[in-house]
Amino acid sequence: MSTHAKRERLLLADLLETAGPDAPTLCEGWTTRDLAAHVVVRERRPDAAGGILIKQLAPRLERVMAEFTDKPYAELIQLIRTGPPRFSPFSLKQVDELSNIVEFYVHTEDVRRAQPDWTPRELDPVFQDALWSRLERSARLMGRGVPTGLVLRRPDGQTAVARRGTPVVTVTGEPSELVLFAYGRQGAARVELEGDEDAIAKLRETKQLGI
């Protein structure tokens, strides 16, 4: 049975292929070529991918990203579609599902929602629950730098505290939309915000959401 991560991987590859290498994305400053290179480097060059989180490794990441960005676009798409090599931890189904379900969902929407004619996808409840499970675990990491208290709430009332503090802003939406919001795609996420107006404005504009 196909996993959610595998399904999103193939959808992302198809979207990148259809869009071409120079299409915009929701990742500021990145075209589809840049996004494709990022996905490949993350899976295939762990020696450089650490620069995503570790500032001291950022120069190496930039160099390796430049190398992969220069590769033929079709080659990058094929590397995404076929997945990581066997020696990579990402090649294990359990690791792939744990690590990539949110990664590929977010980047799929980065491509889709950067287009002017995009429309929402219908996501099945099992997938929504899987996204919520990951969001519950990572909410505090995603919200650690925001300037307000932040609570994420599903329509059924389940909540995850992303940051304690006052004033508090409560963001309500389906897990898929809350994931996008928590990963810094506030402008593209279909959610409702409740709380102090100034706090809401700061939260909408902050660059501190996400990794």
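Model, not experiment: these values are computed from the prediction.

### Considerations on the pairing of strand S3 (residues 168-172)
- The element S3 is extensively covered by neighbouring structure, given that four of its five residues are classed as buried.
- Alignment of strand S1 (residues 149-153) against S3, held across five bridges, turns out to be parallel. Note on S3: the bridge partner recorded for Leu-152 is Val-171.
- Judged from the three bridges that link them, S3 and strand S4 (residues 192-194) form a sheet pairing that is antiparallel. Paired with Val-171 across the two strands is Leu-193, which belongs to S4.

### Notes on the packing of aromatic side chains
- A full pass over the atoms with the stated rule returns one aromatic pair.
- Ring geometry for Tyr-105 and Phe-127: centres 6.0 Å apart, planes at 80°, overall edge-to-face. One end of the pair, Tyr-105, is in helix H6 (residues 93-112); the other, Phe-127, is in helix H7 (residues 125-142), with 22 residues separating them in the sequence. Judged on exposure class, the residue Tyr-105 and its partner Phe-127 are both buried.
- The ring of Phe-127 carries Arg-7 above its face, with NZ or CZ at 4.5 Å from the centroid.
- Over the face of the ring belonging to Phe-68 we find Lys-71, whose NZ or CZ atom lies 5.1 Å from the ring centre.

### Quick look at unusual backbone geometry
- Going from Thr-166 to Pro-167, the amide bond is cis rather than trans, its omega being -10°.
- One can find Pro-167 in the loop between strand S2 (159-163) and S3.

### Considerations on the nonpolar core
- Counting 32 residues, the largest nonpolar core has Leu-152, Val-171 and Leu-203 as its most contacted members.
- Of all the secondary structure elements, the ones that give two or more residues to this core are H6, H7, S1, S2, S3, helix H8 (175-182) and helix H9 (197-205).
- By residue number, the principal contributor to this core is H7, which donates seven residues.
- Excluding anything up to four places from it in sequence, Leu-152 contacts Trp-132, Leu-135, Ala-139, Gln-158, Thr-159, Ala-160, Ala-162, Val-171, Leu-178 and Ala-182.
- Membership of the second largest hydrophobic core comes to 21 residues, among which are Cys-27, Ala-37, Val-41 and Met-65.

Cut-offs applied
Residues numbered from 1 in each chain as written. Predicted model: local features only at pLDDT ≥ 70, side-chain atom pairs only at ≥ 80, totals over all residues. Heavy atoms only, no water. Buried < 20%, exposed > 50% of the residue type's maximum accessible area, 1.4 Å probe, protein only. Helix = DSSP H or I, 4+ residues; strand = E, 2+ residues; numbered from the N terminus. Pairing = 2+ DSSP bridges. Phe/Tyr/Trp six-rings, centres within 6.5 Å; stacked < 30°, edge-to-face > 60°. Lys NZ or Arg CZ within 6 Å of the ring centre and 35° of its normal. Core = buried A, V, L, I, M, F, W, Y, C linked by side-chain atoms within 4.5 Å. Contact = heavy atoms within 4.5 Å.

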